[in-house]
Structures are given as structure tokens and as C-alpha cells.
Amino acid sequence: MSEHILVTRSSMPDFEEYCEEIRKLWDSHWLTNMGVEHETLQKLLEDYLGCSHVVLYTNGHLALENVIAAMRFPKGGEVITTPFTFASTTHAIVRNGLTPIFCDVNPEDYTIDADKIESLITDKTVAIVPVHVYGSMCDVERIGEIGKKYGLKVIYDAAHAFAVKYKGVSSANFGDASMFSFHATKVFNTIEGGAVCFPNDALVETLNDMKNFGIRGPESCVFVGGNAKMNEFQAAMGICNLRHLDREIKKRAAVTERYFARLDGVPGLRLRKPQKDVESNHAYFPVVFDGFGATRNEVFDALEEHGITARKYFYPLTSSFECYADLPTAGTEKTPVAAFLADRVLTLPMYADLSLENVDRICDIVLACGRR
Ligand code: T4K
């Protein structure tokens, strides 16, 4: 009986390597609160990403929620974003008392359609929160220009875009800030974890206050912060995983290549093409079923019957979540491209250790669906 294949599988270092990394925690009994591992990982990431500041978090969502809060936007401000994303992006905006204004995505790379942003700007707009979805880079140049022209902050949800580069520059270096997720399902993981990367020196203290109760010393609490610190075991996992990351991405690239070899050009299947000037991290492998012999849901079911769990990332759109039924901007009519994709996209299994034999097996099942 063949193994059950899930949409992804966490990258992990050798057990012994991790044990060696955490041995010092048994010696020191220092398990969290910005210990040695936390400080080491932060520096390693600043070097790896070539960015001025990295503030680590216990997960990506709190990182995003905090960096939006750190901008101190007036309550009721409008934030232009996309609904073709994970719940976290929209929730982070709404939980800050702001209103998400949903912009459509473009049909090539599924990121925010930069041509449609300006028409959504009003006197209440305070920011743009685009998503580098699946690891595709948004049009950072156009979005940067729009942000400057209208005096809007640009905060990227870069949860999927760790180690992605545009014209040789890391995705961490665009906009006012970028949030990365280091969740177990991501290209680079710290079990759970996340970070905010940014150029502005003043933001370092604010974010550190926000993630640690506003405590600056044993007798000083200057800010009504929360708790979103990355602990030492998470940081140790990050240190180990970072050593192997480039090799892991190469293995993912081979998986992408095989999927393309088998599925590209098949009538009714749309693959996301490599972006010009972008070095990908091969985070996800989305396929859009449009005019194929089977629907997305039929292919999903067929794969499941064979013990292969693909995922409908991202269906439903966040703008049609039940929890947003009362939101004035809820609904999918204003974002037809996103709605089209959400109904047709399936992300096929993708991880570094996915064997090419298994990629072939997945492709055989998908292609057989089209011939039914
Ligand atoms: N913005 C965007 C655009 C995001 O996609 C996300 C997270 C965020 C913000 C927020 O970042 P975090 O706060 O999460 O750091 C998963 C992840 O939990 C979530 O991090 C991720 N996006 C989202 C796209 O996917 P689920 O509910 O689909 O996860 P789950 O538990 O079904 O896992 C999917 C597959 O991953 C499993 O079938 C097997 C594999 N897996 C899972 C876990 C938990 C592992 O191999 N190891 C594991 O430990 O949300």
C-alpha cells in the first residue's frame, strides 16, 4: 500500500542536529524571552535576507497584527488588500479596527492587480496590504510608487515568500515592512514562528514592546503590549533549518520542474508561469482547472481516493467568510478574477522530499481525470 501524501510535509533537520542545537538549553535552563538562540537566529536572518531589521515572533499572524498596529492608523481606516489569501491577512486588518477593501488579483500570478489599486483609494485609505501569494512576488515597483504618491504605508504579507528574490533583492526589502510565516508548512520553518522585516530603525523598539508586554526591564513597563515572543526551541529549529534551506529549495525546484514537464500545455490546465526577474522558493504548486475534462473538486476527490490530499488554497475567498457577512465590503462580485481562481484552483503536494515518482503518480491521476 502506498504512503498517504499530504499537500506538504515539514522540512526538518536530522534529529541529532536539533538535539545538539538545543543541548545548551538544558545547560542554561533559558527557554524563552529572547535567549541566545533567538538572538542568533535574528542575526542569521538579517544576513540571509540582507535587510536592516528582523523582529522574530511566535507566529506569522501575530507578526502581521503587530506591525499593522505599530503603524497607529486611525480606527475605521481603510486598507486595500486581496481576498485570495489565508484567513490571517484579512483577520489582522479587521482585528486592528480597520476595514479591508478588497482589490482583485491578476490572472497571471494571483497577486494584487496593481492597475486596480488607485481606483479603490479614498480619503480614508491608510495602507496597502498585498500578499505575495504562493511565493509569487507582487508588482513591488508599481505598488511602491502608488504608496509614495498617496502617502500610504505598504505592508506585505510575505508569509509565502521567504527566500524569494526580485532582481536579486530579497522579498524582505520592499514596502514599509514585510511579514514572514515560519509555520511548519512553510519553506523555512521554526515549528511555529514568524518575523517582521523592515528598514525603519524606530520600529524595532515598538515591535519589541508589542511582543513582550511593553516591558523594558524588571521595573519598567512602558506600553500595553501582548505576548508574541518566539521561544528558544523554535529559534533552534530555525537555526538548523536555515543551514539546509538552499538545498531544500533546489529539491523543491526539481518537483516544480517535473510537474511542469507533465502538466504544462495540457488543455484545460493552467500553471503559474515563472515570473520575470523573480527567483522562486517553490512554496506551492497551484493548478487552475478551467475547461479541463474534470472540475477542480472532481480532481480533488480523485486524488483523495488514491490517498493524496491536495488543498483548495485559497477557497473560499476571505471576503465570503461567514464571520465577515456583516462587513460592508464582503462578497465576491468586486473581485471576479479572485472568485474565478478560488473556484478552480488546487494546490498539489509540494515539499522538498516529495519523490519524482510520486509527482508522476499525482500527475497520472490528474491527467486520467481529464480523460474520463
Ligand atoms: N498569511 C498567509 C498568506 C498565510 O498563508 C498564513 C499561514 C499566514 C498569513 C499566517 O501565518 P502563521 O500565523 O500560520 O505563521 C496552514 C498553516 O497552518 C498556515 O500557517 C498557512 N498560512 C496555511 C496556508 O496553511 P492549514 O489549516 O491548511 O494547515 P494543516 O494543519 O491542514 O496542514 C497542512 C498540511 O501541512 C498537512 O496536511 C500536513 C502538513 N503539515 C502540517 C503540520 C501542522 C506538516 O507536515 N507538519 C505540521 O506540523 O493551515
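Residues numbered from 1 in each chain as written. Predicted model: local features only at pLDDT ≥ 70, side-chain atom pairs only at ≥ 80, totals over all residues. Heavy atoms only, no water.

### Considerations on the overall build of the protein chain
Rule in force here: Helix numbering and strand numbering both begin at the N terminus, where a helix is a DSSP run of H or I of at least 4 residues and a strand a DSSP run of E of at least 2. Partly exposed describes any residue whose relative accessible area lies between the buried limit of under 20% and the exposed limit of over 50%, with all areas from a 1.4 Å probe on protein chains only and scaled to the type maximum. Contacts are assigned to residue pairs with any non-hydrogen atoms lying within 4.5 Å of each other. Accessible surface is estimated by sampling points in the Shrake-Rupley manner with a 1.4 Å probe; for residues, cover comes only from the protein chains shown. Counted charges follow a simple rule, with Lys and Arg positive, Asp and Glu negative, and His plus the chain ends left uncounted. Charged side chains are reduced to one point each, which is NZ for Lys, CZ for Arg, CG for Asp and CD for Glu.
Each helix and strand counted, the protein chain has ten helices and 15 strands in total. Looking at the protein chain as a whole, 56% of its 372 residues qualify as buried. Residue pairs in contact within the protein chain that sit at least 24 positions apart in sequence constitute 71% of those at least 6 positions apart. Element-wise, carbon and sulfur atoms account for 53% of the exposed surface of the protein chain, whose accessible area totals about 16,500 Å². Between the mean site of the 38 positive side-chain charges and the mean site of the 50 negative ones, the protein chain shows a separation of 2 Å.

### So, the domain arrangement of the protein chain
The criterion, for reference: Where each domain starts and ends comes from a domain assignment, either automatic or drawn from a database. Defined in terms of a 1.4 Å probe, buried area is the accessible area two parts forfeit on being brought together, summed over both.
Assigned domains of the protein chain: these are domain 1 (15-239) and domain 2 (245-370). Each of domain 1 and domain 2 has a C-alpha centre, and the two are 25 Å apart. Across the contact, 38 residues belong to domain 1 and 37 residues belong to domain 2. Approximately 3,200 Å² of surface area, both sides summed, lies buried where domain 1 meets domain 2, with 64% of it carried by carbon and sulfur atoms. For the side of domain 1 that touches domain 2, the secondary structure elements donating two or more residues are helix H4 (87-94), strand S3 (99-102) and strand S6 (165-166).

### Brief notes about the pairing of strand S9 (residues 194-198)
Condition: Here, strands pair whenever DSSP counts at least two bridges between them.
The element S9 is largely enclosed, with a buried count of five among its five residues. Where strand S1 (residues 53-57) lies against S9, five bridges are found, and the strand directions are antiparallel. Residue pairing in the sheet places Tyr-57 in a bridge with Gly-194 of S9. Bridge analysis of strand S8 (residues 177-181) against S9 gives four bridges, and the strand direction is antiparallel. Bridge pairing in S9 places Ser-181 opposite Gly-194.

### Some thoughts on the pattern of salt bridges
Keep this limit in mind: Definition used for salt bridges: Asp or Glu carboxyl oxygen within 4 Å of a side-chain nitrogen of Lys or Arg.
Applying the stated criterion across every chain, the model contains 21 salt bridges. Two residues, Lys-273 and Asp-264, come together in a salt bridge whose shortest N-O distance is 3.1 Å.

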